[in-house]
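Listed here are the chains, written in short residue letters.
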Amino acid sequence: MQKVNGCAGECWSGFVGCLVRRKQVDPTVAKAEGFQLAKRLSVIDLIAIGVGATIGAGVYILVGTVAKEQTGPAITVSFLIAGIAAGLSALCYAELACRCPSAGSAYHYSYLCVGEGVAWLIGWSLILEYSLGGAAVARGISPNMALFFGGQDGLPAILGRPTVLGIVVDPSAAILVFIMTALLCTGIKESSLAQGVITTINVAALLFIIVAGGYVGFKTQWAGYSIPGGYLPFGVNGVLAGSATCFFSYVGFDAVTSTAEEVVNPQRDLPIGIGVSLLTCCVLYMLVAAVVIGLVPYSALDPDTPIASAFASYGMNWAVYIVTIGAVTALCAALIGGILPQPRILMAMARDGLLPSFFSDINKTTHVPVKSTIATGVFIASLAFSMNVDQLAGMVSVGTLLAFTAVAVSILILRYIPPDITIVQSPDTESADLVLSEFNNDITDICTEDRGVRYRTQKDGHEARRRKMAAWSIVVVCVGVLVLAFAASVINIPIVPSFILCGLGGAAILSGLTVLTCIDQDDARLTFGETGGFVCPFVPFLPVACILVNTYLLINLGVDTWIRVSVWLVIGVLVYLFYGRKHSLLVDAVYMPIVLEKEPEIHEII
């Protein structure tokens, strides 16, 4: 047993002890105090949330910029590769969402499997992601609406961007954020219904582009593909570079997992919601890209309005209005998808004591975290009103990629070294030590199985060695991934050291994978959290591939982006040091081996 008091314990001492302490999979505290959200979401609601949060207005621009600068006609292949890469993370999310269907998404999973320090980092990064992402989406309304009024000069005053004290403000963006915030405060079912309607209009616009563009393409023999240079004018490297850019167009499906606590049947519906959302987005992206590139040669595309300009080149100027409607509805759906998860992450962090209890309050009428939703809306609206967030766009990706990486690592930990201790919320040290002494004398030679769980004791040397090997193998794999991704990304390294680092990183990954493949997975994984849901396939290979992809993308975000993100992370560290660390619910937690929970069964065996 390990007693963590404040942050000074016998085994987990000081600050390190705070970083690695983990909470239980069962949110007993939340249930006991009534902090429960209403379970009202069906699989249809989840698909609407996932597709709406994923398909933003970016697809209406991304087709032109990526095809023109990186891939050429092969942009469809880039979207496919990016979709497969995003699918790796989606599979990891699906298992954890089924096993741990509580609010908080990647923050919650990291707290259960990795530790409080990583969980705080993920939660704090996601707050930045959703805030900047929501503000950027909201500020995109005015430029898109301008097409209905003949350009920026024709916009009504309410939709304009006046300059106040040298700052270009966007009142329409702030108003839109407040409207969506009010909608989300009415209830999860009501907001998901609105999300479904808006997403349906957006998908209908994309289907129009596919059908009408396909009709024109067949009539004109797909002139865009009959060009010099062939299908791969930029080569395989261009396709891969385009895939890295297209990858971020799939970000958003994780919004589905943030609503896990509000799903009626999470074990069945969450994997379906995640999978169908991602598949739908991938198919739509590929079809839209294939049609637009077929209408106009990629070199002639307008990078700002590729779809509208492609139709205009055939005299279909009226189509710009349908495309614009699709873009505006995509922005609205993406804004809802951006605001929706953040209050639930704040609520989950407040439940655990890492943030003030203000954020964990659930409205008794609407059964949603109204206070944290309003706080989120005010913060995003202030950013959208007064700040040009275009230069900060790269910071949005950091939270997503860190979350994807943490979820993949959590899968490895869950399968090979799941938590083998439980928590008793008791400050009574003497009583805890007395229980420990009694059980140490009685059960150190017992090893039994009950309902598929193998209860380990202190003298189970083989199992202890297996867990130690698995833990070190996971560490070696993660270090190897970091070295390999760094060596493959940094262009200033001489070629010989670069090859050496790549070789060392690759060797570390292969050696760690070999050990993980050869040793058994932990039996306790079978009863960790809820049972009977989706199980991630191809472990450990799939999570490791997911970690490699996300780490590579993180390193390639650029130095400027990391400098800006570091400022936010430093603020987060200070908040954790002076508040979260001291108010965590695990401050006075008593840790004991799982076997001690089964006292009646153990004494019967004895």
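Preceding block: the structure.
None of these values were measured; they are calculated from a predicted model.

1. Topic: the overall build of the protein
Counting its regular elements, the protein contains 24 helices and eight strands. Looking at the protein as a whole, 54% of its 606 residues are labelled buried. Of all intrachain contacts in the protein linking residues separated by at least 6 positions in sequence, the fraction that spans at least 24 positions is 84%. Here the protein displays about 24,900 Å² of accessible surface, and carbon together with sulfur accounts for 67% of that area.

2. As for the packing of aromatic side chains
Applying the stated criterion across every chain, the model contains 18 aromatic pairs. Seen from their ring centres, Y107 and Y111 are 5.8 Å apart, and the 65° between their planes marks the pair as edge-to-face. Remark: Y111 and Y107 occur in helix α6 (residues 105–113); sequence separation between them is four residues, near one turn of the helix. Among the aromatic side chains, those forming a connected cluster through ring pairs are Y93, Y109, F247, F248, F253 and F404.

3. As for a nonpolar patch on the surface
Taken together, the side chains of F148, F149, L193, V197, I201, W318, Y321 and I325 make up a nonpolar region of the molecular surface, amounting to roughly 760 Å² of accessible area. Positionally, Y321 belongs in helix α15 (residues 319–339).

4. Quick word on the nonpolar core
Generally speaking, soluble globular proteins have nonpolar side chains that are buried together. Counting residues in each nonpolar core, the largest one holds 158 residues, and the members touching the most others are Y60, Y93 and I209. A total of 15 residues in this core trace back to one element, the largest contributor, which is helix α18 (residues 393–416).

5. A word on the packing of helix α7 (residues 116–138) against helix α17 (residues 370–386)
Running from N to C, α7 and α17 point in directions that differ by 50°, and their axes come no closer than 8 Å. Considered as vectors, α7 and α17 are oriented oblique to each other. For the pair α7 and α17, the sense of crossing is right-handed. Facing α7, whose interface residues are Y130, S131, L132, G134, A135 and A138, α17 presents F379, I380, L383 and A384. Here the residues of the contact of α7 with α17 sort into eight nonpolar, two polar and no charged.

6. A word on unusual backbone geometry
With an omega of 15°, the peptide bond between V539 and P540 qualifies as cis. Looking at the element boundaries, P540 is found in the loop between α21 (495–518) and α22 (541–555). Located in the positive-phi region is S105, a residue other than glycine, with phi close to 50°. You can see S105 is positioned in helix α6. Here the phi dihedral of F538 falls at roughly 55°; this positive angle occurs in a residue that is not glycine. Here F538 shows up in the loop between α21 and α22.

7. As for the environment of S410
On the secondary structure map, S410 appears in helix α18. Among the residues examined, S410 registers a relative accessible area of 0% and is labelled buried. As a C-alpha pair, S410 and C92 span 318 residues in sequence and 8.6 Å in three-dimensional space. Excluding anything up to four places from it in sequence, S410 contacts L96, Y109, S110, C113 and V114.

8. Observations concerning the environment of N237
Its place among the elements puts N237 in helix α11 (residues 235–247). Taking the C-alpha atoms as reference points, N237 and T71, 166 residues apart in sequence, are found 8.6 Å from one another.

9. Let's talk about empty space enclosed by the protein
Summed over all chains, the structure comprises one cavity of 30 Å³ or more. Considering only enclosed or pocket space, the largest cavity measures out at about 30 Å³ in volume. In terms of residue class, the lining of the largest cavity is built from four nonpolar, three polar and one charged.

10. Structural notes on the pattern of salt bridges
On inspection of all chains with the given rule, the structure shows 13 salt bridges. The salt bridge partner of D45 is K189, with a shortest N-O separation of 2.6 Å. Taken together, the residues D45 in helix α3 (residues 43–54) and K189 in helix α10 (residues 188–219) connect sequence positions 144 residues apart. Its relative accessible area of 27% is what places K189 among the partly exposed residues. Salt bridges here are not isolated pairs; linked through shared partners, they connect E463, R466, R467 and D522.

Definitions and cut-offs
Counting of residues starts from 1 at the beginning of each chain's written sequence and follows it residue by residue. Whole-chain, interface and lining totals are the exception, using all residues; otherwise, since this is a predicted model, local features are given only for residues with pLDDT of at least 70 and side-chain atom pairs are given and counted only at 80 or more. Think of the side-chain values as coming from all heavy atoms in the structure, minus any hydrogens and water. Numbering of helices and strands runs from the N terminus, with a helix taken as a DSSP run of H or I at least four residues long and a strand as a DSSP run of E at least two residues long. Exposure categories follow from relative accessible area, calculated using a 1.4 Å probe and restricted to protein chains: below 20% of the type maximum is buried, above 50% is exposed, and the middle band is partly exposed. Residues count as neighbours in contact if any of their non-hydrogen atoms are within 4.5 Å of one another. Here the Shrake-Rupley method, with its probe set to 1.4 Å, supplies the accessible areas, and only the displayed protein chains count as covering residues. Centre distance within 6.5 Å is the pairing criterion for rings of Phe, Tyr and Trp, where only the six-membered ring of Trp is used; planes under 30 degrees apart are then read as stacked, over 60 as edge-to-face, and the remainder as tilted. Surface patches are drawn from residues lacking salt bridges whose relative accessible area is over 30%; two like charges belong together within 9 Å, two nonpolar side chains (Val, Leu, Ile, Met, Phe, Trp, Tyr) within 5 Å. Basic side-chain nitrogens of Lys or Arg form a salt bridge, by our definition, when they fall within 4 Å of a carboxyl oxygen of Asp or Glu. Only buried residues count toward a nonpolar core, which is a set of Ala, Val, Leu, Ile, Met, Phe, Trp, Tyr and Cys residues joined through side-chain atoms within 4.5 Å. For every element, the axis is a line fit to its C-alpha atoms; helices are fit only across the contacting stretch, and the angle between N-to-C directions ranges from 0 to 180 degrees. When describing relative orientation, an angle under 35 degrees is termed roughly parallel and one over 145 degrees roughly antiparallel, while 65 to 115 degrees is termed roughly perpendicular and anything else oblique. By convention the crossing between two helices is left-handed if the near helix lies anticlockwise of the far one by an angle smaller than a right angle, and right-handed if it lies clockwise. Side-chain classes follow a simple rule in which Ala, Val, Leu, Ile, Met, Phe, Trp, Tyr, Cys and Pro form the nonpolar group, Asp, Glu, Lys and Arg form the charged group, and the remainder, Gly included, forms the polar group. Using only the protein atoms, space was sampled on a 1 Å grid; points where a 1.4 Å probe fits but cannot get out form cavities, open sets with protein on both sides within 12 Å along at least five of seven lines form pockets, and lining residues are those with an atom within 4 Å of a point. Grid points are joined across faces, edges and corners, and a volume is the space filled by probe spheres set on the points.

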